[in-house]
Amino acid sequence: MEVMDHLYYTKEHEWVSIDDGVATVGITEYAQDALGDITFIELPDMDAEVEQFEQLASVESVKAANDVYSPLSGKVIEVNTELQDNPALLNKSCYGLGWIAKLQVAAEDEATKLMGAEEYRTYLESLE
Amino acid sequence: MPLKQTPIYNEHLRLQAKMVPFGGWDMPVQYESIIAEYKAVRQDVAVFDICHMGEFIIEGDARSTGLDRIVTQSLNDLPVQSCRYGAMLNSQGGVIDDLIVFRLQPEKWMLVVNGSTIEKDKAHILGQLKDPACFQDISDRTGKLDVQGPCSREFLKPLLAGIEKLSYYTFAEFSLLDERVIVSRTGYTGELGYEIYISAEKVVALWQKLLELGAQPAGLGSRDVLRIEMGYSLYGHELDDGRSPLEAGLNPFICWDKDFIGKPALLKQKESGLKYKVVCFVSDSRRSPREGLDVYDAAGSLAGKVSSGTFSPALSRGIGLAFVERAGVEVGQQISFGHDDMRTPAQVVSRPIYKNGSLKA
């Protein structure tokens, strides 16, 4: 399972990158693989205020529906509308074109509650 | 109880299939992608491991053995080398199982039943047959592979000489891998397709051969999408011991000109009026209905529940089957599914939902 070095991770298999106060959020390789072919995404509303670890989006695959939780608190400033017509991008490019939303980060120190790449790799091994 | 494994189990592991529990069996839900496997069935040819299903042999006259009363389908007019879909009912009219009866010889029958219900079916049948000695459960020594897709006939021709002569819902014996096998032109996908019954010893070799010749291995995930697109019932979803087969739309598979277990109960239901019926529907969006969600009629009143739901790759929409109150929900009407605070609009459509299958090609 691919894990990117520069990202932070949650136990629910979301990733986040933080750049100049803006967080980009997506789901990990493990999440997209577990879901299988993703067929639908419900994106958050623009300007919505989300709390850390609260629901941000929901995704559906052929098999199941799953919530996506926000790794950080913040305000939604951009959503990846491309996913509405092409949710398979979440499978094909979960760390790239399949990003879900961008947040104006409320408190960067919340990142201490997230896992780094090494820690997430160890966490994935513990799930096997 | 540990999950049961089909003879193909190690092949699934080798292909790195995702395995899931299904009716007491450890079965492949997908190999690489449900949608890719779905497409192979709709456009090309794919093979499913269906060894979990049960096969029973009953020898003797349909009436004098008691078989005729056990199943709803008509047997006396079923030609040898033909098969027919129907159900086994309990005395309250609930569905013990749905099944296909094969007429092997004038007085020899094969019953093909669901994998999850083999023991229950067997107990019921043995309790109803006049002489249990005419019954044999051959499930463990019988393998079953389903070869499905518009190219399945051309694909199988080199292996099964004369396969092109089989018409829909007929079968024949063929020589394959040095043994006599039964091949029926049946399936659960809506496409042209065949089901091969071969010994459990040879079924792995056949699986390997079919893959080598280019058939896509397909798992139960794609099988479920295919059957929902066709509006086919799945035992445990549209059919169960407490559900009337008339509500589930099985009426065409019930022979009213004979006696069968459950018939008096069904006649009573007809007289007093049925409350529910099963309908097919298509979501207005890509959002898929899921089993157990509520269904609301055009006026927004609660009308029933989703029994099966998935995403249709053919329509790029969510699709489903639902039990709804008989009066008030008709084909063409707008309905919605979901729950109180989140409803997704959908439209009731005629069965099948997917209308371009090569089933009878």
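So, here is what we can say about the structure in this document. (Residues numbered from 1 in each chain as written. Chains lettered and ligands numbered in written order. Predicted model: local features only at pLDDT ≥ 70, side-chain atom pairs only at ≥ 80, totals over all residues.)

What follows deals with the overall build of chain A. A count of helices and strands for chain A gives four helices and nine strands. Going from N to C terminus, chain A has its helices and strands arranged as β-β-β-α-β-β-β-β-β-α-α-β-α. A compact globule built from 128 residues would reach a C-alpha radius of gyration of about 14 Å, and chain A, at 13 Å, matches this within 12%. When its C-alpha atoms are laid out on the principal axes, chain A stretches across 35 × 35 × 20 Å. Long-range pairs, those at least 24 residues apart, make up 63% of the contacts in chain A with a sequence separation of at least 6. (Helix = DSSP H or I, 4+ residues; strand = E, 2+ residues; numbered from the N terminus. Rg over C-alpha atoms; globule rule 2.2 N^0.38 Å. Contact = placed C-beta atoms within 7 Å.)

Let's shift gears to the packing of helix 2 (residues 34–43) of chain B against helix 8 (residues 220–230) of chain B. All names here are of chain B. At a closest axis distance of 8 Å, the pairing of helix 2 and helix 8 adopts a crossing angle of 60°. By the angle between their directions, the pair helix 2 and helix 8 is classed as oblique. Crossing of helix 2 against helix 8: the hand is right-handed. Of the residues in helix 8, those touching helix 2 at Ile34, Glu37, Tyr38 and Val41 are Gly221, Ser222, Val225 and Leu226. (Axes fitted to C-alpha atoms, helices over the stretch in contact; angles between N-to-C directions. Parallel < 35°, antiparallel > 145°, perpendicular 65-115°, else oblique. Left-handed = near helix turned anticlockwise from the far one by under 90°.)

On to the interface of chain A and chain B. Taken together, the contact between chain A and chain B spans eight residues of the former and 12 residues of the latter. A breakdown of the residues in the side of chain A that touches chain B according to their chemical character gives three nonpolar, two polar and three charged. (Nonpolar A, V, L, I, M, F, W, Y, C, P; charged D, E, K, R; others polar.)

Residues and elements named next belong to chain B. Taking strand neighbours around the barrel as the criterion, the six strands line up as 14-17-16-15-18-19 in a closed arrangement whose pairing is antiparallel. Looking at each pair of strands side by side, their axes are set apart by 45° on average, direction ignored. Two strands pair when backbone bridges link them, and strand 16 (residues 302–312) and strand 17 (residues 317–325) are joined in this way by eight bridges, in the antiparallel orientation. Note on strand 17: the bridge partner recorded for Val306 is Ala322. Packed on one face of the sheet, helix 8 meets strand 16 and strand 17 and runs near 130° to strand 16. (Pairing = 2+ DSSP bridges.)

Strand pairing in a sheet takes place through backbone hydrogen bonds and is either antiparallel or parallel in direction. Residues and elements named next belong to chain A. Taken in spatial order, the three strands make up an open sheet running 4-6-7, and their pairing is antiparallel. Because the sheet does not close on itself, it has two edges, and the strands there are strand 4 (38–42) and strand 7 (65–69). Here the strands of the sheet are splayed against their neighbours by 25° on average, with no regard to which way each runs. Of the pairings in the sheet, the one linking strand 4 to strand 6 (residues 55–61) comprises four bridges and is antiparallel in character. What sits directly across from Ile41, in strand 6, is Val59.

Residues and elements named next belong to chain B. Of all 11 residues making up helix 8, 11 are buried, and the element is well covered by its neighbours. Within the sequence span of helix 8, burial applies to Leu220, Gly221, Ser222, Arg223, Asp224, Val225, Leu226, Arg227, Ile228, Glu229 and Met230. For helix 8, the secondary structure elements touched by its buried residues are strand 1 (18–22), strand 2 (25–30), helix 2, strand 3 (46–49), strand 16 and strand 17. Positive backbone phi, at 75°, marks Gly231, one or two positions downstream of helix 8. (Buried ≥ 20, exposed ≤ 12 C-beta atoms within 10 Å, placed from the backbone.)

Next up on the list: the environment of Tyr95(A). All names here are of chain A. Positionally, Tyr95 belongs in the loop between helix 3 (89–92) and strand 9 (101–105). Given 18 C-beta atoms within 10 Å, Tyr95 falls into the partly exposed group. Along the backbone, Tyr95 and Glu29 are 66 residues apart, and their C-alpha atoms lie at a distance of 7.8 Å.

In terms of burial, helix 2 of chain B is largely enclosed, as seven of its 10 residues are buried. Among the structural elements, strand 2, strand 3, strand 9 (142–148), strand 13 (216–217) and helix 8 of chain B are those in contact with the buried residues of helix 2 of chain B.

Okay, unusual backbone geometry next. A cis amide bond links Arg351(B) with the next residue in sequence, Pro352(B), at an omega value of -5°. Here Pro352(B) is to be found in the segment after strand 19 (342–349). Although it is not a glycine, Asp20(A) sits at a positive phi angle of roughly 55°. Inspection of the secondary structure puts Asp20(A) in the loop between strand 2 (14–19) and strand 3 (22–27). Judged by the 5 C-beta atoms lying within 10 Å of it, Asp20(A) is exposed. The backbone of Ser316(B) shows a phi angle near 55°, a positive value even though the residue is not glycine. Positionally, Ser316(B) belongs in the loop between strand 16 and strand 17. Take Ser316(B): there are 12 C-beta atoms within 10 Å of it, and that puts it in the exposed class.

Bringing the environment of Asp45(A) into the picture now. Residue and element names in this part refer to chain A. Mapped onto the secondary structure, Asp45 falls in the loop between strand 4 and strand 5 (49–50). Take Asp45: there are 9 C-beta atoms within 10 Å of it, and that puts it in the exposed class. C-alpha of Asp45 to C-alpha of Glu78: the two residues are 33 residues apart in sequence and 9.0 Å apart in space.

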